[in-house]
Structure formats: structure tokens, C-alpha cells
Amino acid sequence: MEESRRSLWTDYVSMKALYSWLPDEEKLVSDIGISMEDAKKISDEKVSGLNLEGMEMTASEYAVEMGGHSGIPRPEDLKNVGYCFHYTRKLNGIPITYTTERGGFKENANSEIKPWCYEALDIYVTKDGIDTVSFLNQYEIGETKVDNLELMPFSEIMAIYEKMMTIQNADVLTDKRGSGEDVGAPMEARTYRIDRIVFGYSRIYDPKAGDSAGLLVPVWDFFGEYENDFGEGEKTGGTLVREEYNSFLTINAVDGTVVNRESGY
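The sections below set out a description of the structure shown in this document. (Residues numbered from 1 in each chain as written. Predicted model: local features only at pLDDT ≥ 70, side-chain atom pairs only at ≥ 80, totals over all residues. Heavy atoms only, no water.)

1. Some thoughts on the nonpolar core
By size, the foremost hydrophobic cluster in this structure holds 20 residues, and its most contacted members are Val 64, Tyr 87 and Leu 121. When residues of this core are traced back to their parent elements, those giving at least two are helix 1 (12-18), helix 2 (25-32), helix 3 (36-48), strand 2 (55-66), strand 3 (78-91) and strand 5 (120-126). Contact partners of Leu 121, with chain neighbours within four places excluded, come to Val 47, Leu 50, Leu 52, Met 55, Phe 85, His 86, Tyr 87, Val 133, Ser 134 and Phe 135. Counting residues in hydrophobic clusters, the runner-up holds twelve residues, among them Met 152, Met 165, Trp 220 and Ile 251. (Core = buried A, V, L, I, M, F, W, Y, C linked by side-chain atoms within 4.5 Å. Buried < 20%, exposed > 50% of the residue type's maximum accessible area, 1.4 Å probe, protein only. Helix = DSSP H or I, 4+ residues; strand = E, 2+ residues; numbered from the N terminus. Contact = heavy atoms within 4.5 Å.)

2. Quick look at the side chain of Thr 99
With respect to the helices, strands and loops of the structure, Thr 99 is situated in the loop between strand 4 (94-95) and strand 5. A relative accessible area of 6% places Thr 99 in the buried class. In contact with Thr 99, other than residues within four places in its own chain, are Phe 223, Tyr 245, Ser 247 and Arg 261.

3. Some words on the pairing of strand 10 (residues 249-252)
Neither face of strand 10 is exposed, since Leu 249 and Ile 251 on one face and Thr 250 and Asn 252 on the opposite face are all buried. Examined bridge by bridge, strand 8 (residues 215-229) and strand 10 share four bridges and lie antiparallel to one another. Residue pairing in the sheet places Phe 222 in a bridge with Leu 249 of strand 10. (Pairing = 2+ DSSP bridges.)

4. Some details on the pairing of strand 8
Most of strand 8 sits inside the fold, with eleven of its 15 residues counted as buried. In this sheet, strand 8 lies alongside strand 7 (residues 189-204) in antiparallel orientation, the contact comprising 15 bridges. Its bridge partner being in strand 8, Arg 193 is matched across the sheet by Glu 225.

5. Some remarks on the pattern of salt bridges
Charged atoms that come close allow side chains of opposite charge to pair. By the definition in use, this model includes twelve salt bridges. Note that Asp 122 and Arg 102 form a salt bridge whose closest N and O atoms lie 2.7 Å from each other. With Asp 122 in strand 5 and Arg 102 in the loop between strand 4 and strand 5, this residue pair connects regions lying 20 residues apart in the sequence. A salt bridge links Asp 221 to Arg 261; the shortest N-O distance between them is 2.7 Å. Of this pair, Asp 221 sits in strand 8 while Arg 261 sits in the segment after strand 10; the two residues are 40 residues apart in sequence, bridging distant segments of the chain. When sorted by exposure, Asp 221 lands in the same class as Arg 261, which is buried. It is possible to trace a salt-bridge network through shared partners that takes in Asp 195, Glu 225, Arg 242 and Glu 244. (Salt bridge = Lys/Arg side-chain N within 4 Å of Asp/Glu carboxyl O.)

6. Topic: helix 3
Its 13 residues give helix 3 an end-to-end C-alpha distance of 18 Å, which sits within 8% of 18 Å, the value for a rise of 1.5 Å per residue. For helix 3, the full list of buried residues reads Ala 39, Ser 43 and Val 47. Along the axis of helix 3, the buried residues cluster in a sector spanning 75°; they form a single face. In helix 3, the exposed residues that point more than 90 degrees away from the buried face are Glu 37, Lys 41, Glu 45 and Ser 48. Considering only its buried residues, helix 3 is in contact with strand 2, strand 3, strand 5 and strand 6 (129-136). (Expected span 1.5 Å × (residues − 1). Arc of directions from axis to C-beta.)

7. Structural notes on the side chain of Ser 43
Of note, Ser 43 is situated in helix 3. Residue classification places Ser 43 among the buried residues on the basis of a relative accessible area of 0%.

8. Comments concerning the packing of aromatic side chains
In this structure the tally under the stated criterion is 15 aromatic pairs. Measuring from centroid to centroid gives 5.9 Å for Tyr 62 and Tyr 83, while their planes differ by 35°, and the two rings are tilted. Of this pair, Tyr 62 sits in strand 2 while Tyr 83 is found in strand 3, placing the two residues 21 residues apart along the sequence. Summarising the aromatic geometry, the rings of Tyr 83 and Phe 85 are spaced 6.2 Å apart at their centres and angled 40° between planes, so their arrangement reads as tilted. The exposure class of Tyr 83 is buried, given its relative accessible area of 2%. Aromatic ring contacts, followed pair by pair, group Tyr 12, Tyr 62, Tyr 83 and Phe 85 into a single cluster. The aromatic ring of Tyr 226 is capped on one face by Arg 190, whose charged end is 4.2 Å from the ring centroid. Taking the ring centre of Trp 116 as reference, the NZ or CZ of Arg 203 above it sits at 4.1 Å. (Phe/Tyr/Trp six-rings, centres within 6.5 Å; stacked < 30°, edge-to-face > 60°. Lys NZ or Arg CZ within 6 Å of the ring centre and 35° of its normal.)

If you want it as C-alpha cells, here you go:
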């Protein structure tokens with residue numbers, strides 16, 4: 001008897017970049033069989049019934065449901081297509097910015113720090129209605145700590161961005177072949193093109209003080225695409241990478257510190 005396999009929803013864009021056999025966007029929309037606007041109405045109605053303070057849809061994308069598999073996905077593993085609606089809180093008129101990063105990163109397996117992932121409410125809708133509701137790490141909204149925060153001038157935020165992006169990407173341009181690691185030739189350059197800068201909240205916490213409480217702080221997030229250049233000698237040439245909701249850098253709008261979204265602080 002064959003063991004049952006679990007299906008999993010994931011975003012269409014990243015899967016299409018990996019597996020060309022997935023339908024193109026025009027056919028995907030036709031296969032979904034319901035408009036995004038109508039699907040959003042169904043999703044919003046579901047979320048309204050959950051009675052969660054300030055929860056609003058802040059991001060949406062096409063999604064594909066893949067059947068469980070032990071290797072590379074095949075065309076027969078595509079089980080369904082639909083939309084995913086991502087919801088975050090909107091508090092004091094400012095939304096928590098949605099990113100694909102779930103948080104909870106541990107620096108090493110022996111770390112005593114307990115990881116704390118971000119709150120995430122995702123609704124998957126198909127032509128048949130709500131397919132899946134995923135709600136993880138629910139926040140309990142507390143009191144406002146500080147009113148009328150003074151934000152750094154945006155010109156200073158941009159100066160921090162330019163400096164920290166260079167520092168943050170120094171490692172990917174470093175040749176590690178002499179260190180004995182199983183790595184190939186490094187890329188010669190990485191070029192970022194930022195086309196969306198978003199102001200919103202991000203949750204941070206102090207892991208040394210415990211994982212039971214955190215703060216929502218105003219931050220700037222930088223989104224866009226990047227291109228890797230491996231040089232003229234490489235057949236791969238330049239590769240353009242775009243992840244719509246992957247924040248390249250998160251900067252605290254109050255003090256200019258860089259927030260590591262993987263760890264949450």
C-alpha cells in the first residue's frame with residue numbers, strides 16, 4: 001500500500017523560477033477560475049470572523065499546491081492553484097510590514113535562546129472557496145510604550161542603507177575556494193535595484209530578556225530585485241532574482257539600527 005503524501009501550498013513565482021513546466025501566468029489565472037478581487041472578499045470575510053485586532057490584508061500572490069514528494073516536483077505533483085492572502089496587524093494607522101521571513105533563526109543548535117517567529121496569518125483561496133487557513137504565533141497586543149516618536153530624517157536612513165548593503169553583501173563576493181570549502185568561483189558583482197521602500201512596524205525582542213514580550217517598532221524595508229554577475233567566462237552570465245516580499249534590509253526608523261529579520265532583533 002502506498003503511503004499517503006501531504007500536499008503543501010507555496011508561492012507560484014518562486015516555484016515557476018525553479019520549474020519551467022508550471023503553467024505560465026495567463027494560463028494559471030485561467031485555471032484558478034476566480035478573480036483575485038472575488039477571492040479576497042471570501043478571504044476578508046473569513047478573517048473578519050476571527051475577531052483579531054487590526055488584522056488586514058497587506059500582501060497577495062498566486063499560489064500552487066504541490067503534492068508531497070521525495071524528490072524534484074513533477075507535473076503530476078501539481079494538485080491545485082489559487083491565491084494566497086497574507087494578513088498582518090494595522091495598529092495606530094501603521095501596518096506591520098509583511099515579508100517572507102518567518103523569523104526564529106538560531107545561530108547554532110546549542111544556543112539556549114528560544115526562537116520566536118513572527119505572527120503569520122495566511123489564507124489560501126481557490127475557485128471552490130477557502131482551502132487552507134494558516135495562523136501561527138498569535139500576538140497579544142499590549143499597551144503603547146511611547147507616543148509621538150521622533151523619526152530619523154529619511155536622508156540619514158538612505159545613507160545607512162547604502163553603507164550597510166555594501167557590508168551585508170561583502171561575504172557573497174568573497175572568494176572562499178582557498179579555505180577548503182566545497183564552493184565554486186565567487187560572483188564578480190551583485191547589483192540591487194530597489195523599487196519599493198515601505199514604512200511600517202516590525203516586531204523586535206531582546207532574547208536575553210526572554211521570549212514572552214517584544215516591541216513593535218517603526219522600520220523602513222527595501223524591496224526589489226538583484227542581479228548576480230559571474231563574469232564573461234561563465235555560461236550562466238547574469239541571473240536576475242526577484243522575490244516580491246523579501247526585504248533586502250530593515251532599518252529602525254527611530255535610531256537607524258539594522259534589524260535582522262531572521263532572528264527578530
